[in-house]
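Chain and residue survey
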Amino acid sequence: MPKELEAKIIEIIPRTSNVKSFRLDTGEEIDYKAGQFLCASLRDERDCKRYLSISSSPTEKGYIEFTKKITQSDFSSALNNFKTGDSLIVKYPMGNFILRDEEASNIAFLSGGIGITPIRSICKYVVDKRLDKRIVLLYGNRSINDIVFKDDFEIMQKEYPGLKVTHVLCEPAVGFECIPGLINAGVIKEQIPDYSQRKFYLCGPPGMIDAMQKTLIDELFLARENIITEKFIGY
Ligand SMILES: Cc1cc2nc3c(=O)[nH]c(=O)nc-3n(C[C@H](O)[C@H](O)[C@H](O)COP(=O)(O)OP(=O)(O)OC[C@H]3O[C@@H](n4cnc5c(N)ncnc54)[C@H](O)[C@@H]3O)c2cc1C
């Protein structure tokens, strides 16, 4: 059952020029699964709330973290002015974008921009627990500066040989290893040759998820039941 409580911000971490992570002390430990989300509302305006994936992993103790793209909205502006010591109301855990125990060990994640948040949580969990998985992540962004958790994924790849991260950038940076352009059927085939034997997890804005799901089903003939999606409604 999701629980609602007041949580204090203990750390704010800038991830890119317009993405920030907020680490919260919830005062008590609450069970959640890597990939789930919470609902955050502002203390003085309980109606102003947003669903946000938990970007930390249950293996990271002492806090939970969410990571928000800061837009022009009232919610974003209020959040952007928050300091450590401020508090907000969170309700969690919710959602089914999680690894199932019985799941095959071959996984592919397709993501874009801020859609990386629950995937970071799942990958961190797999790495910390040394689960027997083989993961490929194709992560699309406009430019190198838009990559959220870039260093984190570099560290995880070094720690855990079962994780391969491929960046796909519309504007490739000189000297940075990436695929230029967008994630499409050709890129998936090339980067994930055994794609037909993998479970696919897709996360990002609804338009991107619909397009990727169509590609997987119509062009790569994957079965719908092998595709798990999380749509970031609101983008
Ligand atoms: C399961 C889930 C997980 C998410 N995880 C993240 C995350 O980790 N990081 C992140 O930055 N964003 C995440 N989002 C998106 C987030 O909830 C906001 O919608 C988004 O951040 C835009 O909010 P905003 O206040 O910045 O912009 P706004 O300009 O307020 O939002 C854009 C528009 O979307 C509308 N809107 C916002 N939320 C919803 C909704 N739930 N249903 C219908 N309309 C809505 C607003 O009313 C507005 O018209 C997630 C969404 C979902 C559903």
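Moving on, we get to the site of the ligand. Neighbouring the ligand are 21 residues, the closest being S53, T71, S73, T117 and G234. When residues of the shell around the ligand are traced back to their parent elements, those giving at least two are β4 (45-53), β5 (64-69) and α1 (74-80).

With that settled, consider helix α5 (residues 206-219). When the terminal C-alpha atoms of α5 are compared, their 19 Å separation across 14 residues agrees well with the 20 Å that a helix rising 1.5 Å per residue should span. Along α5, the positions that sit buried rather than exposed are M208, I209, M212 and L216. Summarising the axial view, the buried residues of α5 lie within an arc of 100°, below the 170-degree limit, and thus occupy one face. In α5, the exposed positions that point more than 90 degrees away from the buried face belong to G207, K214 and D218. Residue F221 follows α5 closely and has a positive phi angle near 55°.

Attention shifts here to the sheet that holds strand β12 (residues 227-231). Taken in spatial order, the 6 strands make up an open sheet running β10-β9-β8-β7-β11-β12, and their pairing is parallel. In this open sheet, the two edge strands, each paired with only one partner strand, are β10 (179-180) and β12. Two elements, strand β11 (residues 199-204) and β12, share 5 bridges in a ladder whose sense is parallel. In the strand pairing of β12, Y201 is matched with I228.

Reading guide: rules and limits
- Residues numbered from 1 in each chain as written.
- Predicted model: local features only at pLDDT ≥ 70, side-chain atom pairs only at ≥ 80, totals over all residues.
- Near = placed C-beta within 6 Å.
- Helix = DSSP H or I, 4+ residues; strand = E, 2+ residues; numbered from the N terminus.
- Expected span 1.5 Å × (residues − 1).
- Buried ≥ 20, exposed ≤ 12 C-beta atoms within 10 Å, placed from the backbone.
- Arc of directions from axis to C-beta.
- Pairing = 2+ DSSP bridges.

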